[in-house]
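Residues per chain, in single letters:
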Amino acid sequence: MSLKLKITAIKPYPVRVGIRNQFLLKIETDQGIFGWGESGLTGREKAVAGAIEHYREFLIGQDAMQIGRIWQEMYRSQYFEGGRVLQAAISAIDIALHDIKGKALGVPVYELLGGKQRNVVPAFASTGDSAGEDAVDRAHELREMGFDAIRFFPIGQDSRDIFEPRQSIAATARILNKARAELGSEVVLGIDYHHRLSVAEAASFCSKLDRGVLDFLEEPIRDETPEAYESLRTMTDIPFAIGEEFSSKWQFLPYIERGIHQFNRLDVCNVGGLTEAMKVAGWSEAHYVDLMPHNPLGPVCTAATVHFAAAVPNFAWLETRAPERALGFDNSDFFPVQPQLEGAAYPVSDTPGLGVEVNEALLAKHSFTFWEAPHLRRNDGSVTNW
Ligand SMILES: [Mg+2]
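Residues numbered from 1 in each chain as written. Predicted model: local features only at pLDDT ≥ 70, side-chain atom pairs only at ≥ 80, totals over all residues.

**Examining the overall build of the protein**
Phase 1: A count of helices and strands for the protein gives 12 helices and 12 strands.
Phase 2: In terms of C-alpha radius of gyration, the protein reaches 21 Å, essentially the compact-globule figure of 21 Å for 386 residues.
Phase 3: Across its three principal directions, the C-alpha atoms of the protein cover 60 × 45 × 45 Å.
Phase 4: Of all 386 residues assigned to the protein, the portion counted as buried reaches 47%.
Phase 5: Put simply, of all contacts in the protein between residues at least 6 apart along the chain, 74% involve residues at least 24 apart. (Helix = DSSP H or I, 4+ residues; strand = E, 2+ residues; numbered from the N terminus. Rg over C-alpha atoms; globule rule 2.2 N^0.38 Å. Buried ≥ 20, exposed ≤ 12 C-beta atoms within 10 Å, placed from the backbone. Contact = placed C-beta atoms within 7 Å.)

**Focus: the domain arrangement of the protein**
Phase 1: As far as domains go, the protein holds domain 1 (7-108) and domain 2 (111-353).
Phase 2: Taken over C-alpha atoms, the centre of domain 1 sits 25 Å from the centre of domain 2.
Phase 3: Tallying the contact residues gives 33 residues for domain 1 and 30 residues for domain 2.
Phase 4: Only strand 2 (20-29), strand 3 (34-39), helix 2 (67-76) and helix 3 (84-105) provide two or more residues apiece to the side of domain 1 that touches domain 2.
Phase 5: When residues of the side of domain 1 that touches domain 2 are assigned to their parent elements, the largest contribution, 13 residues, is made by helix 3. (Domains from an automatic or database assignment.)

**Points about the sheet that holds strand 3**
Phase 1: The strand order across the open sheet formed by three strands is 1-2-3, and the pairing between neighbours is antiparallel. The sheet is open, and its two borders are formed by strand 1 (7-17) and strand 3, each paired with just one other strand. Direction aside, the axes of adjacent strands within the sheet are offset by 20 degrees on average.
Phase 2: As paired elements, strand 1 and strand 2 share 10 bridges and run antiparallel to each other. Counted as the bridge partner of P12 is L25 from strand 2. (Pairing = 2+ DSSP bridges. Axes fitted to C-alpha atoms, helices over the stretch in contact; angles between N-to-C directions.)

**Regarding the environment of N385**
Phase 1: Tracing the backbone through its elements, the reader meets N385 in the segment after helix 12 (360-365).
Phase 2: Linking N385 and R222, residues 163 residues apart in sequence, is a C-alpha distance of 8.7 Å.
Phase 3: Among all residues touching N385, those that are not within four sequence positions of it are H195, R196, R222 and L376.

**What about the nonpolar core?**
Phase 1: Among the nonpolar cores identified, the biggest contains 110 residues, and L25, I27, A89, I93 and V268 are the most heavily contacted of them.
Phase 2: Each of two domains, domain 1 (7-108) and domain 2 (111-353), supplies a minimum of three residues to this core.
Phase 3: I93 has contacts with L25, I27, G37, Y55 and M74, leaving out every residue within four places of it along the chain. (Core = buried A, V, L, I, M, F, W, Y, C linked by C-beta atoms within 7 Å.)

**Looking at the packing of helix 7 (residues 199-207) against helix 8 (residues 226-233)**
Phase 1: Two numbers describe how helix 7 lies on helix 8: the axes approach to 10 Å, and their chain directions differ by 25 degrees. Judged by the inter-axis angle, helix 7 sits roughly parallel to helix 8. Remark: the crossing between helix 7 and helix 8 carries right-handed chirality. The residues of helix 8 that touch helix 7, namely those facing V199, A202 and A203, are A228, S231 and L232.
Phase 2: Of the residues in the contact of helix 7 with helix 8, the class split is five nonpolar, one polar and no charged. (Parallel < 35°, antiparallel > 145°, perpendicular 65-115°, else oblique. Left-handed = near helix turned anticlockwise from the far one by under 90°. Nonpolar A, V, L, I, M, F, W, Y, C, P; charged D, E, K, R; others polar.)

**Thoughts on unusual backbone geometry**
Phase 1: Despite not being glycine, H194 has its phi angle at roughly 55 degrees, a positive value.
Phase 2: As for its placement among the helices and strands, H194 is situated in the loop between strand 6 (188-192) and helix 7.
Phase 3: Unlike most non-glycine residues, Y288 shows phi in positive territory, near 55 degrees.
Phase 4: The topology assignment puts Y288 in the loop between helix 10 (273-286) and strand 10 (290-291).

**As for the environment of R56**
Phase 1: Topologically, R56 is positioned in helix 1 (residues 45-59).
Phase 2: On the neighbour-count criterion, R56 (17 C-beta atoms within 10 Å) is partly exposed.
Phase 3: As a C-alpha pair, R56 and K11 span 45 residues in sequence and 9.0 Å in three-dimensional space.

**Things to note about helix 1**
Phase 1: Its 15 residues give helix 1 an end-to-end C-alpha distance of 20 Å, which sits within 8% of 21 Å, the value for a rise of 1.5 Å per residue.
Phase 2: All of the buried residues in helix 1 are E45, V48, A51, I52 and Y55. Projection of helix 1 onto a plane perpendicular to its axis shows the buried side chains occupying an angular sector of 115 degrees, all on one side. Of the exposed residues in helix 1, those oriented more than 90 degrees away from the buried face are G50, E53 and E57.
Phase 3: Lining the buried residues of helix 1 we find strand 1, strand 2, strand 3, helix 2 and helix 3.
Phase 4: At the exit of helix 1 stands G61, carrying a positive phi of roughly 95 degrees. (Expected span 1.5 Å × (residues − 1). Arc of directions from axis to C-beta.)

**Digging into the packing of helix 5 (residues 134-145) against helix 6 (residues 165-183)**
Phase 1: At a closest axis distance of 10 Å, the pairing of helix 5 and helix 6 adopts a crossing angle of 35 degrees. As helix 5 packs across helix 6, the resulting crossing turns out to be right-handed. Seen from helix 5, the contacting residues are A135, V136, A139 and R143; seen from helix 6, they are I175, K178, A179, E182 and L183.

Here it is in structure tokens:
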């Protein structure tokens, strides 16, 4: 028996939820079954909406069950394939199609990905943007909440105007050395440098840390040049956690195959959806690279990532926010049913599809608000990375 659901509508909702916009996408079918997806290109949602408009032209009327074939058509049936905008659009569509297929078959999405391999999905939490002495106090609180993997941010992370790398690395290294001394050797500690350093600055930062202080260093430098990361790899033995901006398996290729990184920060809403995420997961498994997915968006992203995390063997932790750190992204008026953290882990939903409910009428009433990441400068006035 073959089940066909014809796509009848594709509706993007780039809408302000909490302190930023979320890019949500609804796909409807002629059987009345619909699915939700999310795209992760934060700050450039209008560009993704434009890409969705192009894809909608040939997706209306297609069979929503043909997810793998549709992915190939969206990627390959054009001359200028790939890139972060198009892949963010493909991601949202692919996730929504998984939601539809799960609902149509009466199974949770993890069943479409090979079945559940773990009962809960362990998560890591962050100490917050303020990275001074109080970050260590915050880490103690997270430990008490049950988190055994904790991520710090560098001094200067919360600045809206100036970021001076050399000032940040010295002060941040002092805080981290203190954190490890206080928290003991069992807890996993990492830091996200938000790709703000050069190779030399990152090497200096690592050299200022006591041995064993960090279990992972996230995005010390930008990722356009794998050879730069390879160079840094020779200067420190701290595992790297990178890949949250990568928009295809091909972008992961040099990093995985050359042994550059040890934790894979894949983002299902940017890499090309669950279809592409499963391929990167398999490739990572072959190289003993663990998955540590990026998850800073809304509940649709979290739900999709929980299903993905449940279905892969090589998994470390899923990014989450500590429950009381309210940025409004999980506003229950918009998302009446969504993944809920229990202690330091997410239960895996057995509801057919993603297991998320979205208040479409409320989304339709809210509008998009332009948002720019801080445009950071160094003390000399030059532009530096956010
Ligand atoms: Mg990051």
